[in-house]
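Here is what each chain is made of, one letter per residue.
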Amino acid sequence: MQWLERHVPKLVLAPSFIAALLFVYGFIGWTAWVSFTRSRLLPNYDLVGTIQYERLFASPRWEVALNNLFVFGVLFIGISMLLGLLLAIFLDQKIRTEGVLRTIYLYPMALSLIVTGTAWKWMLNPGLGLEAMVRGWGFEDFTFDWITDPDMAIYTVVIAGVWQASGFVMALFLAGLRSVDGEIIKAAQVDGIPTHRIYTAIIIPSMAPIFLSAFIVLSHLAIKSFDLVIALTGGGPGYATDLPATYMYAMAFSRGDIGQAASSAMVMMMIVFAIVVPYLYSELRAKND
């Protein structure tokens, strides 16, 4: 019985541990290996160096995907955090309909990104959505054709992404606002400090860990964005809204170029590591101190 008490937890966790080791880290290792081969339609396990990475960074489509990731990431993260903070501050005023508004703001997070992309595709379609509705009101010169404009299509992805994520960010910030010591706020109010100064000088700076957590989550969502782009624009017009995730999918399943797909996947993983590892290091260092 003593042996069972000591080893039953290990036996229960062993299948999950083995599955994760094989299907997560095992396939990461396999992808890394394939990225250094000449694999095309089928895997080729003869190592040839960094040829795939040289091809990758010489590809105009990959360059577009990286540029789009930068534009989408900066706008998606920045607007989501700003809008989420403003909504949280608004709800923190303890208004009567807080419960209803909080549910409305959080509702988009209950939808899958496929549903979000499809819904915004309908709304932004010039022949069916916003443009057609406004023209139906008599404004015949109104145009809103971003989704078909190669220079503006990436911003439609930003709009849909912000709509999806800002409620989640609001929930994080609202929890942070409610965790601030009320005595500090009361003392500041007694001293005659204006409300906006209380937020900008006391409350918001104390929420730095929450800002960092929100940034990490949104960065991860931005880097691995795939289903939203596929449902909304399909990567088009042309490949104007390609992101690294859609590029990887196209190489693997449309172009039959496994080596390119593997190398792009490894670059995406390195981007994620570049964001997450410093965060984990700072957290572990803070706990040790």
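Residues numbered from 1 in each chain as written. Predicted model: local features only at pLDDT ≥ 70, side-chain atom pairs only at ≥ 80, totals over all residues. Heavy atoms only, no water.

## Quick word on the overall build of the protein
Inference 1: Each helix and strand counted, the protein has 13 helices and zero strands in total.
Inference 2: Put simply, the protein runs from its N terminus to its C terminus through helices and strands in the order α-α-α-α-α-α-α-α-α-α-α-α-α.
Inference 3: Here the protein has a C-alpha radius of gyration of 24 Å; the compact-globule value for 289 residues is 19 Å, and the former is much larger.
Inference 4: Taken along the three principal axes of its C-alpha coordinates, the protein extends 80 × 75 × 35 Å.
Inference 5: In the protein, buried positions account for 36% of the 289 residues.
Inference 6: Counting only carbon and sulfur atoms, one obtains 68% of the accessible surface of the protein, whose full area is about 16900 Å².
Inference 7: Each charge sign in the protein was given a centre, from 18 positive and 20 negative side chains, and these centres are 8 Å apart. (Helix = DSSP H or I, 4+ residues; strand = E, 2+ residues; numbered from the N terminus. Rg over C-alpha atoms; globule rule 2.2 N^0.38 Å. Buried < 20%, exposed > 50% of the residue type's maximum accessible area, 1.4 Å probe, protein only. Areas by Shrake-Rupley, 256 points an atom, 1.4 Å probe, with all protein chains shown as cover. Lys, Arg positive; Asp, Glu negative; His and termini not counted. Charge placed at Lys NZ, Arg CZ, Asp CG, Glu CD.)

## Quick word on the nonpolar core
Burial of nonpolar side chains together is a common tendency in soluble globular proteins.
Inference 1: Residues Phe72, Phe76, Val157, Phe173, Leu177, Ile203 and Leu218 are the most contacted members of the largest nonpolar core, which totals 40 residues.
Inference 2: Mapped onto this core, the elements with two or more residues apiece are α3 (60-91), α5 (113-124), α7 (153-178), α8 (182-190), α9 (195-206), α10 (208-223) and α11 (227-232).
Inference 3: Among the elements that take part in this core, α7 stands out by supplying 11 residues, more than any other.
Inference 4: Once you skip the residues sitting within four places of it in the chain, Leu177 turns out to touch Ala88, Ile89, Asp92, Tyr199, Ile203 and Met207.
Inference 5: Formed by 10 residues, the second largest nonpolar core is a distinct cluster that contains Tyr53, Leu56, Met251 and Val267. (Core = buried A, V, L, I, M, F, W, Y, C linked by side-chain atoms within 4.5 Å. Contact = heavy atoms within 4.5 Å.)

## Things to note about the side chain of Asp92
Inference 1: By the element assignment, Asp92 lies in the loop between α3 and α4 (98-106).
Inference 2: With a relative accessible area of 12%, Asp92 lands in the buried category.
Inference 3: Polar contacts involving the side chain of Asp92 include one to the side chain of Arg178, which spans 2.9 Å.
Inference 4: Contact partners of Asp92, with chain neighbours within four places excluded, come to Leu174, Leu177, Arg178 and Tyr199. (Polar contact = N/O pair within 3.5 Å; in protein donor to acceptor, adjacent residues only side chain to side chain.)

## Some remarks on the packing of aromatic side chains
Inference 1: If you walk through the whole model with that rule in mind, you get 11 aromatic pairs.
Inference 2: Taken together, a centroid distance of 5.3 Å and an interplanar angle of 45 degrees make the contact between Phe36 and Tyr53 tilted. Here Phe36, found in the loop between α1 (2-34) and α2 (51-58), pairs with Tyr53, found in helix α2; they are 17 residues apart in sequence, far enough to count as distant.
Inference 3: A relative accessible area of 32% means that Phe36 is categorised as partly exposed.
Inference 4: The interplanar angle of 40 degrees and the centroid separation of 4.6 Å between the aromatic rings of Phe173 and Phe211 together place this pair among those described as tilted. Linking Phe173 in helix α7 with Phe211 in helix α10, this pair joins segments that are 38 residues apart in sequence.
Inference 5: Three or more aromatic residues joined by ring pairs make a cluster, and in this case those are Phe57, Trp62 and Tyr247. (Phe/Tyr/Trp six-rings, centres within 6.5 Å; stacked < 30°, edge-to-face > 60°.)

## A look at unusual backbone geometry
Inference 1: Of note, the bond from Gly236 into Pro237 is cis; its omega dihedral lies within 30 degrees of zero at 0 degrees.
Inference 2: You can see Pro237 is positioned in the loop between α11 and α12 (244-254).

## Observations concerning the packing of α4 against α7
Inference 1: It is the contact of α4 with α7, at a shortest axis distance of 8 Å, that shows an interaxial angle of 140 degrees. Taken together, the axes of α4 and α7 are oblique relative to one another. Here Glu98, Arg102, Tyr105 and Leu106 of α4 lie close against α7, whose contacting residues are Gly167, Phe168, Met170, Ala171, Leu174 and Arg178.
Inference 2: Looking at side-chain class alone, the contact of α4 with α7 contains six nonpolar, one polar and three charged residues. (Axes fitted to C-alpha atoms, helices over the stretch in contact; angles between N-to-C directions. Parallel < 35°, antiparallel > 145°, perpendicular 65-115°, else oblique. Nonpolar A, V, L, I, M, F, W, Y, C, P; charged D, E, K, R; others polar.)

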